[in-house]
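A look at the structure
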Amino acid sequence: MAQKQFQLVLQAARMITPRVRELTFVREDRSPLDYTPGQFITLFIESGGERLRRSYSIASIPGSESEEIRIAATYVEGGRATARLFKIEPGERIQAMGPFGRLVLREDPPGRYLLVATGTGVTPYRAMLPELERRIDLEGFHVELLLGVRGPEELIYGDEFTAFASQCNAFTFRACYSREQPERAGEFEHSGYVQGILPNMALNPERDIVYLCGNPTMIDEATAFLTENGFSMRNVRREKYVSSN
Ligand SMILES: Cc1cc2nc3c(=O)[nH]c(=O)nc-3n(C[C@H](O)[C@H](O)[C@H](O)COP(=O)(O)OP(=O)(O)OC[C@H]3O[C@@H](n4cnc5c(N)ncnc54)[C@H](O)[C@@H]3O)c2cc1C
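Residues numbered from 1 in each chain as written. Predicted model: local features only at pLDDT ≥ 70, side-chain atom pairs only at ≥ 80, totals over all residues. Heavy atoms only, no water.

**Some words on the sheet that holds strand β4 (residues 50-57)**
Defined as follows: At least two DSSP bridges between two strands are needed for those strands to be called paired. A run of DSSP states H or I qualifies as a helix once it reaches four residues; a run of E qualifies as a strand once it reaches two. Both are numbered from the N-terminal end. A fitted line through C-alpha atoms represents every axis, and for helices the fit uses only the stretch in contact; the resulting angles, taken between N-to-C directions, go from 0 to 180 degrees.
With antiparallel pairing, 6 strands are arranged side by side in an open sheet as β4-β3-β6-β1-β2-β5. The two strands at the open ends of the sheet, each matched to only one other strand, are β4 and β5 (69-74). Across the sheet, the axes of successive neighbouring strands diverge by a mean angle of 40 degrees, strand direction being ignored. Pairing geometry for strand β1 (residues 5-17) and strand β6 (residues 93-100), over 5 bridges, is antiparallel. For F6, the partnering residue across the bridge sits in β6 and is A96.

In C-alpha cells, the structure reads:
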C-alpha cells in the first residue's frame, strides 16, 4: 500500500542535551498526524544530490501536543541526515511519510512493563505516558523505565520522567551511565550498559512485558538474555535504530 507523504514545517528547535536536538514540526496542511504512541515517521532529506530516508520516533504526547510532531535527533559524527537536522531553522520544510512501527502498547493483562531504551530510544515512551498513566490507575500495571546514556547530562526528557515518577508510585525511572559513575549510585542510578541491569530486575517471564528501543547491540544483548531466561518473543517488543544506506 502506498504510504501517504506530507510536508512538515519546522516550528521550533532546541538542544535538550549536549548531543540531542529536539525538532517540533507541524504539517503544512495543518492536519494532525494520526499516530499511535511508539510509532515513528520517515523524513526525506536531501544530501549531496541524494534523497536520504531516515526514521525518527515521535516524541509528542497525544492530547496536549497532538497538533505537532516532535522528534529528537542525536548528533552523529559524519552523519548525513543529522548534519541537516542540526542546521534546519524554523520555517523550513521537510517531506515526510508515516507513521510506521509496531512498538506500541497492546491489550495486555495487568503486569509489569519494563521499558528499556538507549538515548533517543526513550522518546516513544514519552509519547506513551498518558496511556501508561491510565493503565497504572485503572488496570493496576507497574512500569519501570530504564534509560541508558553516557552520563547524567544526557538524560533525554529526564526531568519529565522524574516528575512523573514522583507523582506515581507505580512508575519507576532508572538511569544507567555507560561512561560515568553516578554521584548518587543506588536504587535509581547505575553505572554500565542498560541491558546489564536486567539480571537485577527480578524478572518474571510470565507477567513482565519488555519494550526495547534504540541501539541495536543493546537490543540484541537484551533479547538474548530475556529469551535465555524464559521470555517468549510475544512479550519482547523491539525497535532497532539501525542506520540506513
Ligand atoms: C525505526 C527507527 C527509528 C529511529 N528513531 C530515531 C530517533 O528518534 N532519533 C535518532 O536520533 N535516531 C533515530 N533513528 C536513527 C536515524 O534514522 C538515523 O539512522 C540517524 O539519525 C543517523 O543518520 P545519518 O544520516 O545522520 O547518519 P549516516 O550518514 O547514515 O551514518 C554516518 C555514520 O555514522 C554511523 N551511525 C549512524 N547512526 C549512528 C548512531 N546513532 N550512533 C553512532 N553512529 C551512527 C553510521 O554507521 C555511519 O558510519 C531511528 C532509526 C530507525 C530505523
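**Section: the layout of surface pockets**
For clarity, the cut-off: Whether a set of points on the 1 Å grid over the protein atoms alone is a cavity depends on a 1.4 Å probe fitting there but being unable to get out, while an open set qualifies as a pocket with protein on both sides within 12 Å along at least five of seven lines; lining residues are those with an atom within 4 Å of a point. Grid points are joined across faces, edges and corners, and a volume is the space filled by probe spheres set on the points. Residue polarity follows a fixed list, in which Ala, Val, Leu, Ile, Met, Phe, Trp, Tyr, Cys and Pro are nonpolar, Asp, Glu, Lys and Arg are charged, and the others, Gly among them, are polar. Domain delimitation in this document rests on an assignment produced automatically or drawn from a domain database.
Its boundaries defined by the atoms lining it, the largest pocket holds a volume of some 1,300 Å³. The wall of the largest pocket is formed by 45 residues, among which T74, V76, T120, N215 and Y241 lie closest to the centre. In the lining of the largest pocket, the residues fall into 17 nonpolar, 19 polar and 9 charged. Each of domain 1 (5-100) and domain 2 (112-240) gives at least three residues to the lining of the largest pocket.

**Considering the pattern of salt bridges**
The test is simple: Salt-bridge detection follows one rule: a side-chain nitrogen of Lys or Arg within 4 Å of a carboxyl oxygen of Asp or Glu. Buried residues are those whose accessible area, probed at 1.4 Å on protein chains only, stays under 20% of the maximum for their type, while exposed residues exceed 50% and partly exposed ones sit between those limits.
In the structure shown here, the tally under the stated rule is 18 salt bridges. R27 serves as the salt-bridge partner of D29, at 3.0 Å between the closest nitrogen and oxygen. Using a relative accessible area of 10% as the deciding quantity, one classes R27 as buried. One salt bridge connects R126 with E160, and the closest N-O pair in it is separated by 2.8 Å. Remark: E160 occurs in helix α3 (residues 158-167) and R126 occurs in helix α2 (residues 123-139); sequence separation between them is 34 residues. Judged by its relative accessible area of 29%, E160 is partly exposed. Overlapping salt bridges, with partners in common, bring together R14, E22, E68 and R70 in one network.

In short, the description is geometric, and any link to function would need to be established separately.
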